[in-house]
Amino acid sequence: MNELGVPSTTTFWDQSSLTCSVTFLDRQLNDGLEGFFQTPEVWLTMAQQGLAPVTIDTRALIDKVLARYSGEFTVFRELLQNSDDAECDAAEIRFETAGFSDLDLQAARNAGSPILLDLETTNVIGWIFKNHGKPFTSQDWNRLPKIACGNPDPQKVGAFGVGFYSLFSVTETPYVSSGGKEMEFSWNAEDQLCYKFGDCPVTTPRDLWTTFKMPLREAAPMPPISDFMQFLASSITFMVYLKKVTVFFDHHRVGQINKSLGQSQVIPIPTELKRQSPEENMTVNSVRQYPITIEASGMLPQCDSVGMPEMKVDLVVFTAEVDVTVDENLFKELVRCMKKNPPSRLKYSLIYTGKDEYDQSRMKEQEHTPEFPSAFRGLRADLDGAIHTRIFIGHATAQTTGIGGHMASHFIPTVERESIDLVNGNVSIWNKELLYVGGFLCRMVYGLELSKIQRSWEEAVAGETDSLLSRALQDQHFLHLFKFFTFHHSTPSSKVADLLSKSFFECSTLPLRLLSSAGVREVSEVRKFDPVFAKFLKSLPMLSKDVTQDCGHAIERLPGQHKIRAISPSDVLEDLRRHALDVDELLASLRWWIASRRNDFAPSAADLLDVVTLRSTGGSIPLSSITYFIDSRVLGLHIPPDGPLPPSLIPLGVSMHFNYEELASLGWKEFTVASWLQHLSHPDVMSADKKYDFTRSVDWASRVLSTVCCVWPKLSKDLRHESRDVFRNMTCIPTTKGLYSPEDSYLPVADNAVFRHLDLPIVIPSSGSAFDEDTKNCLLFIGVRMNPPVQFLLHQMSSTRNWTVLNLIDYLVQEEPSLTAEDFSTLKSSKIFMSESSQGNEEENTYYCIGGLYPPVDIFRRLRLPVIKRSGKSEWMDISPEAQLLYRIGLNRFPPLPTIVEFCSSRDVGVQETAFEYLCNKLHLQYSHYNPEDFCNVEFIPAESKGQTCLKKLGEVYSCTQWKALGFSVVQDRYLSMPLHQLGVAQHPASSELLDLLEKSPPLDKSIASLWFEVLFDHMAIFSAVDFTKLSGLPIVPTGPPSALKLLPPTQCYLDQGSKLVLHEELFVFVKFGIKATQFLSACGLKNKVSTEDVAEALIENPGRFFDLAGGYEGYLVELRKLAYQSQDISNHTLHKMSRSPALLGLRRKKTDGKSKWGYEHQFLTHQGVTIVDDMYDYQLFSDLLFIAPQEETLERFYASLGCTYLSAVVKERYNDLREIPSAKTCVEVQSLILERLPLFMQNYSDTKPKVKIPSSPDHLKVKACKRILVSKTLATVNVERTKDVWTVARREGDCIELWISKTAKWDMYEVAASLCRLLFGTNTRNTTLLLGTMLSANSTFLERRGYLVDQIPQRHSDKHKTGTKARKEHLTGNVPTTNPPRLDRLLYMLLLGLIVLVILSAYLTMRTLDALINTVAVPRL
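What comes next is a walk through the structure.

The rules behind the values
Residues numbered from 1 in each chain as written. Predicted model: local features only at pLDDT ≥ 70, side-chain atom pairs only at ≥ 80, totals over all residues. Heavy atoms only, no water. Helix = DSSP H or I, 4+ residues; strand = E, 2+ residues; numbered from the N terminus. Buried < 20%, exposed > 50% of the residue type's maximum accessible area, 1.4 Å probe, protein only. Pairing = 2+ DSSP bridges. Axes fitted to C-alpha atoms, helices over the stretch in contact; angles between N-to-C directions. Phe/Tyr/Trp six-rings, centres within 6.5 Å; stacked < 30°, edge-to-face > 60°. Lys NZ or Arg CZ within 6 Å of the ring centre and 35° of its normal. Contact = heavy atoms within 4.5 Å.

At the junction of T491 and P492, the peptide bond is cis and its omega measures out at -5 degrees in the coordinates. Position of P492 relative to the elements: it lies in the loop between α12 (467-484) and α13 (495-506). In this structure, N729 is a non-glycine residue whose phi angle is positive, near 65 degrees. Note on placement: N729 falls in the loop between α24 (717-727) and β26 (733-735). On the accessibility criterion, N729 (60% relative accessible area) is exposed. Despite not being glycine, R864 has its phi angle at roughly 65 degrees, a positive value.

Written out as structure tokens, the structure reads:
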């Protein structure tokens, strides 16, 4: 270490050779490519400049970085690569034990135990690696002790100059000898790595090998021989020069690897491949293929060398020769990183193992024992995930390729050389360009191998070889090829496989080609394998099943333009259009369509049937011609297969595999029994062959009938009717007398003693045994008779007279199930029945059709109805078989509804009462269809009217007896429990009838009215709101004495509740009824009490009468106040009417005749004739011309709400021409006083909101003086003008208020207050004016005694007033203000104060006098 604390690089000499310390290139350690040697002089210069170099701990660097590798056999990997860089063809690796190392060279050659020690347990102390390549040059010796000084040759793999230092992972003192020179490394006491370089001892013969000796840091067994041989076999594969590697254990040869190259072959590059890389740095010039044979021999760990097994493997290597042309920037960056130029040409190699070689290598591997597996296991293609195939940079790295084979090229690795660098920007560009070449080479090899498969496939199709066997073999070859070039996830960098895959798919202008079921096709033509489609699609290119199953993940990961599509409906239709299908293929296609139609994937049934053709023994059948199918569950089990069938029927061999719904979904119709019979009965079919004419061949007719009977239980009602239509009138039923029609044939049960003499044709069973129940039902349905028809029996009865009608009925009861509709129709239309009324005289017997008779029961006898005659052995019962049969034939169960209603209106009281009770009792059962509207004009309801019984129509009688009191007809009491409502009898009259009754015939006395109203109360629900509105206006309430009876509407009546006001008793009518009657009248508008609204209406109607009844003026005002207080209870309509009617009381001053005093007169006026006084000065001027509202605040507001105008609104004023004269003192005093007292006034006044801004400073209030103020006021309503001298008047000028003061008039602060109130509030009421006048007139003490907060008067107004006053005085007089203003004499001050008090008292007394005068005729305030 020198004085700067950095390692010294000075050399030192010993006695025999040069010993130096190992140096390193600082910058090269930083960026891996460029370095320089810094001498102590340089360091000294740096120190003088204030700089210090970075130091490196060599020991730590080597132990922690350079000698640490994650890969296995890293030392031998580096030494093998160095050997190949030295163009070495052979190398030796020796593992020596301690005993063997102690021998000298000659002894080691001649001596040695013939027995091989246990390789797994015997420790070795040293490793020796020897290569027979070029010896070290001086440049090599110079670079060796320099860390990070790599080989500058662009074609050599070594670049970083750190590979040698991997030896320090196993040794502390490595030794190197080559070309007669040697170099030994060691560590000194300061952990500085040093080396000793010199000449080797002279030997004979001269040693031509380059030797690396590595005394192990710790003794250990040699690596497992099997794993080591696999490593060597993989490493030597891509070496350029190295052909043989031998492994020794002491003097025993325990393993050897030999590589031999075959003749290379140039492979033409297809024109569609893009030779140039994406960045245009690399261009593929040519591709060669050459075979490699690698032989390996080894020794089992515990066996003699005689037993060394030998192995061999043949590989095919494809090598792309690449021209490199990088731009200037990339060139500089690569030189900076690698410290050497990038190569101008390079090679990219790929090991491809074909299907045959792969299978052979796997078979050979199985011959090896687990203890000594094959040395070539690492070279075999990896088809199951590509986790063993690696990127080689001369030697194997840890980076996997992601495909099935190894790759090698001039990649730039990371420093530890375990993986390729895809992170550094410029290095990454180089490696990515190389990976493009790798993908290019993969695509070319894939295309080459696929072409071989295609040729073999075409030869098989042409028949040159066994087609099926060869095609299956080629499927396996393609599966191998596809799996080999499937891009799996690569490690440690996944980008490698991604970039290779991207290049593989993008380097060609043509789509990827695949082997399909139709040969090699472009990927756009190939479809995914589907086991369902494979059964019936023959020409559609489809992947094989094995490829789909084994490479499913790879198929899904194909990029977008190379995606393999699933089979589409259009593909299916196109394929089916090209060839006919056999039965199995047709079944498969139909099953697919049926299953796919549920998810809307399949084509339409019409499109499918248009392209499918069935290939059968009888020829081709287009499915478009098929329209029918046989349901295998119905007709398919029984139809004779040899019989004639229509050509539009799908063969039964097809339809039997599907159910009804599936076949119907194809648009086909079921070929039913009826369809079959219709086909058999067609004239063309019947005439074609007598054998199959069921009207001529008994045997065929029997088979047909048997088939129909077998399927009969499964047939629908419609099919049974269709089948019966075919049999009708066809002589096709085999009987004892030959073929008969069904209508003329009889079942064997008819052959009994009663009918035996008729010789009927009896149906013959086809099996010879008796008919089962289903067969009987079938035969009966198609028309075969069980018994002779009724018409036939009636004819026989009339001709033989052995039977009576009663005997016939007894027989028919037993045979009822077999009777047909025709039989019942015959019986119903035959007049063979008698009634009880004709039993007495046989000659007069009358015969009836059964529809004119009724059951023989007492109720029908009482109704005088004809009842059927019977034997009379037992009582009639509706549930007996005889009764049920007669009912089926047509016997009436009960009279029709019109008949029974007609009986209810009979004049025969017994019939009428019986009929009405029968109708009511049977209404819900037999006459549920009863509709009252059908009988609204029939008088059949038993009623009571005015004490008499009678019959009434519906709508004329009611079921509630209360209506009897109002004169309505009601149902007789004994029928009240009957279902009258269902009969249509209303419970009560309609509301319109009741309104009509009350309007035309109201009750004329109170007792009757009370009874009526109580009844109406019980039925108030029948009235609507409109009805009650009408009732409220009808005069139905009798009032007054009987002698002077008066009918009034309920709304004009009030409920008499005892006590009431005298005025109300005079104004309104009060009535009193019972509780129910009162409640009814209340609903009609009867009022419980007199409301404010009612009083207002009474006042409006006749104000004079109201005035008199109220007791005159005082009483009228009392009622008027009530209306004012309760005006919110009066409707707007009434208020409007009150304002427009002469109902408002107005007062006017007038002088009494011959008297000097004023009196008052009153008059009832509309709102236009009454004025509200809001300005007392104006009122004083015009009081003799005005009718005013009573001067009470409540009444004034009430009059204002009715539209009466205020006096201030109808009085217009004007002033004489006001000319200002000097009067500074008075104006200033008045101005100051107003500004002081006006805020205090506003604090205590809140009645009216000011209309203008309240002045707060002299700028907003100007007080001016003039000689005289003459005010002329005009009353607009009568256009009368009156004039008056005043002391003051206020008006507005802009934002300022001007107050003018008359110089000649008397000082009057009340007048000031009136003018200000009129201007500020738009009114001049007494209270407001008096309050402000008092505040302006009184002194502070007076106001404070009255409770005003005088101390809140703003002092600033007073100060400003004083200042302003002083300034104005100076301005007017021209005097200059003095320091001490003059002071008033105390006497003068007291006199002035007394004068002010007198003025205030005078004004106060004047106002009191005026107020008292006005109140002499006004109503007292409330």
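Another aspect to go through is the sheet that holds strand β45 (residues 1269-1275). In space, the three strands of this open sheet follow the order β42-β45-β46, with antiparallel pairing throughout. Because the sheet does not close on itself, it has two edges, and the strands there are β42 (1211-1215) and β46 (1280-1286). Shown here is a sheet whose adjacent strand axes are inclined to one another by a mean of 25 degrees, direction ignored. Here β42 pairs with β45 via five bridges, running antiparallel. Looking at the pairing, R1214 lines up with S1272 of β45.

Given two aromatic rings, their pairing is described by the distance between the two centres and the angle made by the two planes. As enumerated under the stated definition, the model contains 51 aromatic pairs in all. Arranged with centres 5.1 Å apart and planes meeting at 75 degrees, the rings of F916 and Y975 form a pair that is edge-to-face. In this pair, F916 is assigned in helix α32 (residues 909-921) and Y975 in the loop between β33 (969-971) and α33 (980-983), connecting sequence segments 59 residues apart. Take Y975: its relative accessible area is 1%, and that puts it in the buried class. On the basis of an interplanar angle of 75 degrees and a centroid distance of 6.3 Å, the ring pair of Y918 and Y927 is categorised as edge-to-face. Residue Y927 is classed as buried on the basis of its relative accessible area of 1%. Here a set of aromatic residues connected by ring pairs shows up, and it is made of Y352, Y446, F484, F485, F487, F504 and F505. The ring of F504 is capped by R443, whose NZ or CZ atom sits 5.5 Å from the centre of that ring.

For helix α44 (residues 1193-1201), the full list of buried residues reads T1194, L1195, E1196, F1198 and Y1199. Those residues of α44 hidden inside the fold are in contact with α41 (1113-1125), α42 (1132-1140), β38 (1144-1151) and β40 (1171-1172). Where α44 ends, the next residue or the one after it, G1203, has phi of about 110 degrees, a positive value.

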